[in-house]
Amino acid sequence: GGHRAPEGLRVYAYDLPPKYNSGMLALNMQQCRNSIYAAEVFIHEQLLISNVLTLNPEEADLFFVPWYSSCFMSSHFVKPGPGWPDNDVDIGKTYDA
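Residues numbered from 1 in each chain as written. Predicted model: local features only at pLDDT ≥ 70, side-chain atom pairs only at ≥ 80, totals over all residues. Heavy atoms only, no water.

Draft legend 1. The overall build of the protein chain, seen in detail. If you tally the helices and strands in the protein chain, you get 5 helices and 3 strands. Each helix and strand of the protein chain, placed in order from N terminus to C terminus, yields the pattern β-α-α-α-β-β-α-α. Out of the 97 residues in the protein chain, the part that is buried amounts to 29%. Sequence separation of at least 24 residues holds for 71% of the intrachain contacts in the protein chain that already meet a minimum separation of 6. (Helix = DSSP H or I, 4+ residues; strand = E, 2+ residues; numbered from the N terminus. Buried < 20%, exposed > 50% of the residue type's maximum accessible area, 1.4 Å probe, protein only. Contact = heavy atoms within 4.5 Å.)

Following this line, the structure appears as structure tokens:
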């Protein structure tokens, strides 16, 4: 099973501080792994064990920035609670739009 990358494809993943990715999992584990936004975590984790990963940016065809934006937003702007992420947050009020 699984999908195969095109032959020769190389992807470089930037090494960001954990506060932008893996560090957020401890703060908001359920929302980051079990919601509709879990793809950003899954893609990062799969890339790290993939044979397309390169540690040399000079070899890369594509670049991946592992910032878990949905985890960040939920951890900093939306208080997780019952029904997250659909917990009736008024985005207009939250962002002063």
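Draft legend 2. Here's a closer look at the pattern of salt bridges. Under the definition given, this model contains 1 salt bridge. Between Arg10 and Glu59 there is a salt bridge, with its nearest N and O atoms 4.0 Å apart. Taken together, the positions of Arg10 in the segment before β1 (11–13) and Glu59 in the loop between β2 (53–54) and β3 (62–64) put the pair 49 residues apart, joining distant regions of the chain. By relative accessible area, which is 42% here, Glu59 ends up partly exposed. (Salt bridge = Lys/Arg side-chain N within 4 Å of Asp/Glu carboxyl O.)

Draft legend 3. Local environment of the side chain of Glu40. Within the secondary structure, Glu40 sits in helix α3 (residues 39–48). Among residues more than four places away in sequence, those in contact with Glu40 are Trp67, Tyr68, Ser69, Ser70 and Cys71.

Draft legend 4. Broad picture of the confidence of the model for the protein chain. For the protein chain, per-residue confidence averages 77 on the pLDDT scale, and residues scoring 70 or more make up 67% of the total. Low pLDDT, under 50, characterises residues 87–97; the stretch is placed with 11 contacts to residues that sit more than four places away or in other chains. (pLDDT = per-residue confidence, 0-100.)

Draft legend 5. How the structure looks around the sheet that holds β1. If you walk across this open sheet you meet the 3 strands as β2-β1-β3, and the pairing is parallel. Both edges of this open sheet fall to β2 and β3, since each of them pairs with a single strand only. Its contacts with the sheet put α3 on β1, β2 and β3, and the angle it makes with β3 is roughly 120°. (Pairing = 2+ DSSP bridges. Axes fitted to C-alpha atoms, helices over the stretch in contact; angles between N-to-C directions.)

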